[in-house]
Amino acid sequence: MWNWKKRGSVRDRVDDSVDDVRAYFGGPWLSRVLGGLLGVYLLVCGVVGWYWSQEPGLFPVQQNAQAAAERSGRQMVIGYTTVETLKEVVATLLDKSGGYLSNDIFPPGLWLDNMPSWEYGALVQVRDLSRALRKDFARSQSQSTEDADLARAEPRFNFDNKSWALPSSESEYGEGIKSLDRYLARLSADPAGAQFYPRADSLNNWLGDVSTRLGSLSQRLSASVGRVKLNTNIKPTAPVVPGEAPQVEEELQETPWLQIDNVFYEARGQAWALSHILRAIEVDFADVLAKKNATVSVRQIIRELEAAQAPLWSPMVLNGSGFGVLANHSLVMANYISRANAAIIDLRQLLAQG
């Protein structure tokens, strides 16, 4: 006869064992382990993110161009330093610590915004110079045929800076570097096959684009504390009363709080790239600048831009009022950018003179 009591006791013991296992794996022990792993993961991401956010330092432009020419067995010609510097600026965007971060879709790159803003700022100057190379520097006149490799490079650098696949931004910018290198090989080996014309009017055209960029940056940086902007577009139909000044509309412009550091690092990126490009321009346009007595002006611009690269010792971009207790890093950056822009305006006047 079956012992139902014994069967019931076995079932009870099995159920008790299952409950004990569930309690063991689903209790505080598992929560502590998962919490510890999450903490370690966040700590590692924080350290890696801090390392990836370190801005690249300045590199010696002329020495870098000479070393690149020696490695490739090419001859240094006029235009070589400018094109090689453009290549190195783009290569730095791709090969710096952490690589190119603007299109990252996984942590910690996904959580970073300062370095992507810096990358975008440098990329703006890369795009402007690549357009100037294609449109002005490599053409003798407006009716000249554009260089094929430069025509391929410019759209590569203007590709979406946040595309992560099919194709990725890195692959497009890498192809742009290859196009520049092919142009540089032809420029060095066969001057008849590729040209670079260091003319004052071409340099002046590019500097006009640079001045526009810096002027916009200065306004955006100054808007960190909020500023009143005057709307100078007076309606033509508004009656003008003799003895009275016309009414002008005012509006408050202020950078959103979460965008202040992005604008600051974008300005740092543009200043970093532009300082290198101007050092290369100083080499390839040396004769033009000397004839216009403009060499000192170029060096003054470079000095202002390099001063804007001073290390930021604060753990965050401070946004104190203009004359408050706390510093305002955006206004300090705006000072350097504005002074560089003022020097560029003076430089353009020198270049325009006969």
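Above this text you will find the structure in question.
What counts and how
Residues numbered from 1 in each chain as written. Predicted model: local features only at pLDDT ≥ 70, side-chain atom pairs only at ≥ 80, totals over all residues. Heavy atoms only, no water. Helix = DSSP H or I, 4+ residues; strand = E, 2+ residues; numbered from the N terminus. Buried < 20%, exposed > 50% of the residue type's maximum accessible area, 1.4 Å probe, protein only. Contact = heavy atoms within 4.5 Å. Areas by Shrake-Rupley, 256 points an atom, 1.4 Å probe, with all protein chains shown as cover. Phe/Tyr/Trp six-rings, centres within 6.5 Å; stacked < 30°, edge-to-face > 60°. Expected span 1.5 Å × (residues − 1). Core = buried A, V, L, I, M, F, W, Y, C linked by side-chain atoms within 4.5 Å. Axes fitted to C-alpha atoms, helices over the stretch in contact; angles between N-to-C directions. Parallel < 35°, antiparallel > 145°, perpendicular 65-115°, else oblique. Left-handed = near helix turned anticlockwise from the far one by under 90°. Nonpolar A, V, L, I, M, F, W, Y, C, P; charged D, E, K, R; others polar. Polar contact = N/O pair within 3.5 Å; in protein donor to acceptor, adjacent residues only side chain to side chain.

A. Quick peek at the overall build of the protein. A tally of helices and strands in the protein yields 12 helices and 2 strands. Moving toward the C terminus, one meets the helices and strands of the protein in the order α-α-α-α-α-α-α-α-β-β-α-α-α-α. Burial analysis of the protein (354 residues in total) assigns 42% to the buried set. Considering only contacts within the protein whose residues lie at least 6 apart along the sequence, 75% involve residues at least 24 apart. Entry remark: accessible area of the protein is about 19,800 Å², with carbon and sulfur atoms responsible for 57%.

B. Inspection of the packing of aromatic side chains at higher detail. What the rule picks out here adds up to 7 aromatic pairs. Each ring, one from Y100 and one from Y173, has its centre 5.8 Å from the other, and the planes form 85°; the classification is edge-to-face. Of this pair, Y100 sits in the loop between α4 (80-95) and α5 (114-137) while Y173 is found in helix α7 (residues 169-189), placing the two residues 73 residues apart along the sequence. Look at Y100 and you get buried, because its relative accessible area is 4%. You can call Y173 buried: its relative accessible area is 1%. Summarising the aromatic geometry, the rings of F264 and Y265 are spaced 5.3 Å apart at their centres and angled 85° between planes, so their arrangement reads as edge-to-face.

C. Layout of α7. The end-to-end C-alpha distance of α7 is 31 Å, a good match for the 30 Å that 21 residues give at a rise of 1.5 Å each. Where α7 is buried, its residues contact α4, α5 and α6 (148-157).

D. Geometry of the nonpolar core. Ranked by internal contacts, the top residues of the largest apolar core, which has 76 residues, are F137 and W206. Looking at this core, the element that brings in the most residues is helix α9 (residues 260-284), giving 13 residues. In contact with W206, other than residues within four places in its own chain, are D128, L129, A132, F137, L274, I277, L278 and I281.

E. Representation of the packing of α5 against α6 in the model. Running from N to C, α5 and α6 cross one another at 160°; their axes reach a closest spacing of 9 Å. In terms of axis orientation, α5 runs roughly antiparallel to α6. For the crossing formed where α5 meets α6, the hand is left-handed. Mapping the contact onto sequence places L123, V126, R127, S130, R131, L133 and R134 in α5 and L150, A151, E154, P155 and F157 in α6. Here the contact of α5 with α6 is composed, by residue class, of 7 nonpolar, 1 polar and 4 charged.

F. Quick look at unusual backbone geometry. A cis amide bond links P107 with the next residue in sequence, P108, at an omega value of 0°. Assignment of secondary structure puts P108 in the loop between α4 and α5. Look at the link from L166 to P167: it is a cis peptide, with omega at -15°. As for its placement among the helices and strands, P167 is situated in the loop between α6 and α7.

G. The packing of helix α8 (residues 200-222) against α9, seen in detail. Relative orientation of the contacting elements α8 and α9 amounts to 160°, with a least axis distance of 11 Å. One element, α8, and the other, α9, form an angle in the roughly antiparallel class. Every pair of crossing elements has a handedness; the one defined by α8 and α9 is left-handed. Along its contact with α8, which presents L203, W206, L207, V210, R213, L214, L217, R220 and L221, the element α9 presents V263, F264, E266, A267, Q270, L274, I277, L278 and I281. Grouping the constituent residues of the contact of α8 with α9 by class yields 14 nonpolar, 1 polar and 3 charged.

H. Region of the structure containing the side chain of D128. Along the chain, D128 falls in helix α5. Note on D128: relative accessible area 0%, which makes it buried. Among the polar contacts made by the side chain of D128, one reaches the side chain of R213 at a distance of 2.9 Å.

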